[in-house]
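As a plain string of letters, each chain reads:
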Amino acid sequence: MKKLRSLSAVFLSLLLCAICVVPFLYVLIASFKALDGEFTLKYYYEVFVGQSQYLFRFWKSMALSICISLGQVVLSALAGYGFAKYKFKGKNVLFFILIILMILPLQVTLIPNYVILEKFNMINTYFSLILPALVVPLGTFIMTQSYKAIPNSVIDAARLDGCRLHEVLLKVVIPIGKNALICTFLLSFLDAWNMVEQPITYLGEFTKYPIAVALASVPPGDPTVLLVACVLVTIPPLCLFAFFNRELTEGIALGGEH
Amino acid sequence: MKRRVLCVISFLLIILAFFTFVSPKVEDEMATLVDARKRQNAGNGRSIQISTIALLWRDSDERIYSISEGKGWESGLRLSELSPMKYKHESWLDHVELAPGDEYWYVYSASRTPVLGGAVKKVTISKGEDTYLIWSPEAIAPIRDTPPTVTIGGDAFHGGWIPGSDVTIFDPPPEPEPEVVLPNSMDLISQKDNVALVSINAGNLPFFEHSVWYTFRQSIGEDVRIYSLNDVHQLTSSLPWIAGVGSALVCSMILCASAWIVTSKKGYSKKILLTHVVLIAVLLASLPLLLKCFDLPASLMPSESILDISHYAEELGRIRESMALMEDATVDSLLSSATAVSVLVVAICITAVCIYSSIAIFRTYKKSK
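Analysis parameters
- Residues numbered from 1 in each chain as written.
- Chains lettered and ligands numbered in written order.
- Predicted model: local features only at pLDDT ≥ 70, side-chain atom pairs only at ≥ 80, totals over all residues.
- Helix = DSSP H or I, 4+ residues; strand = E, 2+ residues; numbered from the N terminus.
- Buried ≥ 20, exposed ≤ 12 C-beta atoms within 10 Å, placed from the backbone.
- Pairing = 2+ DSSP bridges.
- Axes fitted to C-alpha atoms, helices over the stretch in contact; angles between N-to-C directions.
- Contact = placed C-beta atoms within 7 Å.
- Domains from an automatic or database assignment.
- pLDDT = per-residue confidence, 0-100.
- Expected span 1.5 Å × (residues − 1).
- Core = buried A, V, L, I, M, F, W, Y, C linked by C-beta atoms within 7 Å.
- Parallel < 35°, antiparallel > 145°, perpendicular 65-115°, else oblique.
- Left-handed = near helix turned anticlockwise from the far one by under 90°.
- Nonpolar A, V, L, I, M, F, W, Y, C, P; charged D, E, K, R; others polar.

*Asks:* Looking at this model, I keep getting lost on unusual backbone geometry. Mind explaining?
*Replies:* For residues other than glycine, phi is negative in most cases, and the peptide bonds are mostly trans. The linkage connecting Leu205 of chain B with the following residue, Pro206 of chain B, adopts the cis geometry, with an omega of 0°. At Asn124 of chain A, a position not held by glycine, the phi torsion is positive, near 70°. Here Asn124 of chain A shows up in the loop between α5 (106–119) and α6 (127–134). Residue class for Asn124 of chain A comes out partly exposed when judged on the 14 C-beta atoms lying within 10 Å of it. A positive phi is found at Glu327 of chain B, a non-glycine position, where the angle reads about 55°. Locating Glu327 of chain B in the fold gives a position in the loop between α5 (309–325) and α6 (330–368).

*Asks:* Looking at this model, I keep getting lost on the sheet that holds strand β5 (residues 65–70) of chain B. Mind explaining?
*Replies:* By way of backbone hydrogen bonds, the strands of a sheet pair with one another, either parallel or antiparallel. All names here are of chain B. Strand order in the open sheet formed by 5 strands is β6-β5-β9-β1-β10, and the pairing between neighbours is mixed. This sheet does not close on itself; its edge strands, each paired only once, are β6 (76–81) and β10 (120–122). For this sheet, the mean inter-axis angle between neighbouring strands, taken without regard to orientation, is 50°. Direction of pairing for β5 relative to strand β9 (residues 104–110): antiparallel, over a ladder of 2 bridges. Considered in β9, the bridge of Ser66 is made with Tyr106.

*Asks:* Whenever I open this one, the environment of Val96 of chain B confuses me. Can you help?
*Replies:* All names here are of chain B. Inspection of the secondary structure assignment puts Val96 in strand β8 (residues 95–98). On a C-alpha basis, the gap between Val96 and Arg3 in space is 67 Å, while along the polypeptide they are 93 residues apart. Those residues within four positions of Val96 in sequence are excluded, and the remaining contacts are Ile50, Thr52, Ala54, Leu55, Ile64, Tyr87 and His89.

*Asks:* I would appreciate a short explanation of the domain arrangement of chain B in the present structure.
*Replies:* How big an interface is tends to be reported as the loss of accessible area on association of its parts. Residue and element names in this part refer to chain B. Domain boundaries in chain B define domain 1 (2–27 + 231–368), domain 2 (32–118) and domain 3 (126–148 + 158–228). Computed over C-alpha atoms, the centres of domain 1 and domain 3 are 45 Å apart. Each partner contributes residues to the interface: domain 1 has 9 residues there, and domain 3 has 12 residues. For the side of domain 1 that touches domain 3, the secondary structure elements donating two or more residues are α3 (229–263) and α5. Residue contributions to the side of domain 1 that touches domain 3 peak at 4 residues, all from α5.

*Asks:* Hey, could you run me through the confidence of the model for chain B in this one?
*Replies:* When pLDDT is low, close inspection of the predicted coordinates is not appropriate. Residue and element names in this part refer to chain B. Looking at chain B, the pLDDT average stands at 85 and 89% of residues meet or exceed 70. Strand β13 (residues 159–161) is the least confidently modelled element of chain B, averaging 50 in pLDDT, while α3 averages 94, the highest of any element. When the criterion is pLDDT under 50, residues 150–159 qualifies, and its contacts beyond four places in sequence or with other chains add up to 7 contacts. Among the prediction metrics, the complex's ipTM stands at 0.87, with pTM recorded as 0.86.

*Asks:* Sorry if this is basic, but what is going on with the pairing of strand β11 (residues 126–135) of chain B here?
*Replies:* Across a regular strand the side chains alternate sides, sitting on one face of the sheet and then on the other. Residue and element names in this part refer to chain B. Direction of pairing for β11 relative to strand β17 (residues 195–205): antiparallel, over a ladder of 9 bridges. Within β17, the position partnered with Leu133 by the bridge is Leu197. The pairing of β11 with strand β18 (residues 225–228) spans 4 bridges and is classified as antiparallel. Pairing of Tyr132 across the sheet is with Ser228, part of β18.

*Asks:* How do you make sense of helix α7 (residues 137–148) of chain A when you look at a structure like this?
*Replies:* For an α-helix, the turn length of 3.6 residues means that residues three or four places apart are oriented alike. Residue and element names in this part refer to chain A. Along its 12 residues, α7 runs 16 Å from first to last C-alpha, staying within 8% of the 16 Å computed at 1.5 Å per residue. With 9 of 12 residues buried, α7 lies mostly within the body of the structure. The set of residues buried in α7 consists of Gly139, Thr140, Phe141, Ile142, Met143, Thr144, Gln145, Ser146 and Tyr147.

*Asks:* I'm lost on the nonpolar core in this one. Help?
*Replies:* The nonpolar side chains of soluble globular proteins are, as a tendency, buried together. Residues Ala229 of chain A together with Val107 and Ile134 of chain B are the most contacted members of the largest nonpolar core, which totals 86 residues. With 8 residues, α3 of chain B is the single largest residue contributor to this core. In this view, Ala229 of chain A contacts Val47, Tyr54, Leu215 and Val218 of chain A; residues no more than four positions away in its chain are not counted. In this structure, Leu64, Tyr81, Leu129 and Met143 of chain A belong to the second largest nonpolar core, which totals 30 residues.

*Asks:* For this particular structure, what's the right way to read the packing of helix α3 (residues 52–85) of chain A against α7 of chain A?
*Replies:* Two quantities define a packed helix pair, namely the angle between the helix axes and the distance between the axes. Residues and elements named next belong to chain A. Where α3 meets α7, the closest approach of the two axes is 7 Å, and the angle between their N-to-C directions is 45°. On the basis of their axis angle, the class for α3 and α7 is oblique. For α3 against α7, the interelement crossing comes out right-handed. Residue-level contacts link Gln72, Val73, Ser76, Ala77, Ala79, Gly80, Tyr81, Phe83, Ala84 and Lys85 of α3 to Gly139, Thr140, Met143, Thr144, Ser146, Tyr147 and Lys148 of α7. Taken together, the residues of the contact of α3 with α7 sort by class into 8 nonpolar, 7 polar and 2 charged.

*Asks:* When you look at the sheet that holds β8 of chain B in this model, what are you seeing that I'm missing?
*Replies:* Residue and element names in this part refer to chain B. The 3 strands lie next to each other as β2-β8-β7, forming an open sheet whose pairing is antiparallel. In this open sheet, the two edge strands, each paired with only one partner strand, are β2 (48–51) and β7 (87–88). Pairing of β2 with β8, which is carried by 4 bridges, proceeds in the antiparallel orientation. Each bridged residue has a counterpart across the sheet, and for Ile48 the counterpart in β8 is Leu98.

Spelled out as structure tokens, the structure:
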């Protein structure tokens, strides 16, 4: 009975794994196939060498995502420390609002953000993508949960040793909560890398679109070019996950502990 | 594990950075060069006449093409077919009539067969000296570089009376020898079998094969190829720079692999690693400068992929064979010297990087022991 259970667990995991991996494998294999089914690198040439737009958009998206993720990491680390280690009036209400904001669909905030950004003359600039993305509550939530796991005695000890607030943060809290920080960075990077609605709403010009949005309008001449572009788009998230997979799982696990 | 992933990421980043620098150059070189003219709106509702040179062949059809600004992924100047409603051409006339209407840019001549939706680059035609190599799959008729003298009238005819008969039989007039007549601006240098060399003092620059072919289209076939020796020279002089670009990629890869080996040893020198990173950055940063140093000739570029080696081999092979037939070793010596310099550039770059990497690896191993 026990053996049967473990076998079915293995089968189920393999099935789930296949469901996740098969579409990506299909894209990868099909990107090397010509219309007549023969192996070709023609479409890779088209995307990597023949047209500069694909790679330029790729780097543009990369720069945008790094800016958003770094900004979010800094703000989340500070806000999370405040929520985890300080007592102030309305803290619980604020944290509740934060969780509600986290649950709210993105589309709800699109219009209010648009109105605000328009007032600041930021529509059709990259600031319209970066600024609203900096204050996404998920990072603050993860960092709060992570910092709550740090015993207050550690911070008190650091203070007794003469550390100021920024030293406590930089030398004690952040190194201990490193995994949560990396997890926040990765999640915000993925969020920024895959964003579609925000650029469509806030940016008017096609030339400014990041690659995830521009892919939707790849000329329909040959769909294989689109598959190669999809392979290109998956490179950064895959690399980041491969490099930080331990930190990501630990960070998420830590966030769920409290 | 992390180190291995980092190594793969570094390789990927180097490749992506390399292609990011190279792809705009490739895009630029692969764009069809066009001599575009503006169809002015005269305002009086009258059509205008243009030369039939503007009729370009594509898929066994002669059409006029226009250029317009593309959108989205196809931004920049793009080629499109001019609606047949906008022009009229009768096969016996040597001009095309453009119907009255809005202003637009039409293609007067292009560097290659038009590709619909393909990127184009407008060029200004200037004049300069050039030498054309004319190659035909069959023997070329005698080329004459001065127009034939025409005599009006004349009474010479062959024939005579047949005694005892009322019928006069005339010999048919002799068939004129087929010959290729060069335009006034061209001079014949030499001709042999299916190849001819022609010099021109004020040829169009850049060289468009179709426009040159058009000047003596009535006396040569459609399958005749015309090459500009200026373009051949331009291509051969670009080879060492291309070799430099390729070497930059290979050397970056070698350095990346070397950095991976160095970091695999405990207690490796951070200074060595930093030097590797700086060298890779310098090599990649040198790419835009290297790419600015050369321009490839549009007439010798393949139609689809810039990496189509068979196209270059076929074209240069044909030019070399033709020049050998003419007992002219200029192209041969140009090609061999360019190849030698290119090989030397690649060899020097790769050897230098390999020596540096070996020293770095050797030092690290020695230190770890």
